[in-house]
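Coordinate analysis (summary)
Chain by chain, the residues run as shown.
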Amino acid sequence: MNLVDILKWGASISGMIAAFLVALDLGRRATGWGFVLFVGSSICWIGGALMTGDEPLWTQNLVLFCINLFGVYRYLIRKRRPRDAG
């Protein structure tokens, strides 16, 4: 197994685990960690795609990387504002 295969399998497995964590809806912290895994998955996909010259795949995962970073911020870093009473 070469480095590209390792990256692709790592990306696939971490993406599946991340999707499962987000789908379980176990709360903000678990969802946030799902987004952390999605970030790692995107990094692996980008690396593998760059090595094989697969421009559509690395472009897609660059966008997903940014979206997933927003998910990490939203669920793990940002403090929730109190809801308006009323």
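Moving on, we come to the packing of helix H1 (residues 3-24) against helix H2 (residues 28-52). With their axes 8 Å apart at the nearest point, H1 and H2 run at an angle of 155 degrees to one another. Between H1 and H2, the angle falls in the class roughly antiparallel. As for how H1 packs across H2, the hand of that crossing is left-handed. When its residues are assigned to classes, the contact of H1 with H2 shows 16 nonpolar, 9 polar and 1 charged.

The next thing to look at is the side chain of Ser 42. Position of Ser 42 among the secondary structure elements: in helix H2. If near-sequence neighbours (up to four positions away) are discounted, Ser 42 is found in contact with Asn 61, Leu 64, Phe 65 and Asn 68.

All right, on to unusual backbone geometry then. For Asp 25, which is not a glycine, the phi torsion comes out positive at approximately 50 degrees. Along the chain, the position of Asp 25 falls in the loop between H1 and H2.

A few words now on the environment of Gly 48. Turning to its location among the elements, Gly 48 is positioned in helix H2. The buried category is assigned to Gly 48, whose relative accessible area is 1%. When the C-alpha atoms of Gly 48 and Trp 9 are compared, they prove to be 9.9 Å apart, with 39 residues separating the residues in sequence.

Definitions and limits used
- Numbers given for residues are sequential positions, taken from 1 along each chain in its written order.
- Where local features are concerned, this predicted model is filtered to residues with pLDDT of at least 70; where side-chain atom pairs are given and counted, the filter is 80 or more; whole-chain, interface and lining totals use all residues.
- Values shown for side chains rest on all heavy atoms present in the structure; no hydrogens or waters enter the calculation.
- The angle between two axes is taken between their N-to-C directions and runs from 0 to 180 degrees, where each axis is a line fitted to C-alpha atoms and a helix contributes only its stretch in contact.
- A run of H or I in DSSP counts as a helix once it spans at least four residues, and a run of E counts as a strand once it spans at least two, with each numbered from the N terminus.
- Orientation is classified from the angle alone, with under 35 degrees giving roughly parallel, over 145 giving roughly antiparallel, 65 to 115 giving roughly perpendicular, and any other angle giving oblique.
- Crossings are assigned a handedness: left-handed for a near helix turned anticlockwise from the far helix by less than a right angle, right-handed for a clockwise turn.
- Classification used: nonpolar for Ala, Val, Leu, Ile, Met, Phe, Trp, Tyr, Cys and Pro, charged for Asp, Glu, Lys and Arg, polar for all others including Gly.
- Residues are treated as being in contact if the distance between any of their heavy atoms lies within 4.5 Å.
- Each residue's exposure class comes from its accessible area (1.4 Å probe, protein chains only) as a fraction of the maximum for that residue type: buried when under 20%, exposed when over 50%, partly exposed otherwise.

This is a description of form; function is not addressed.
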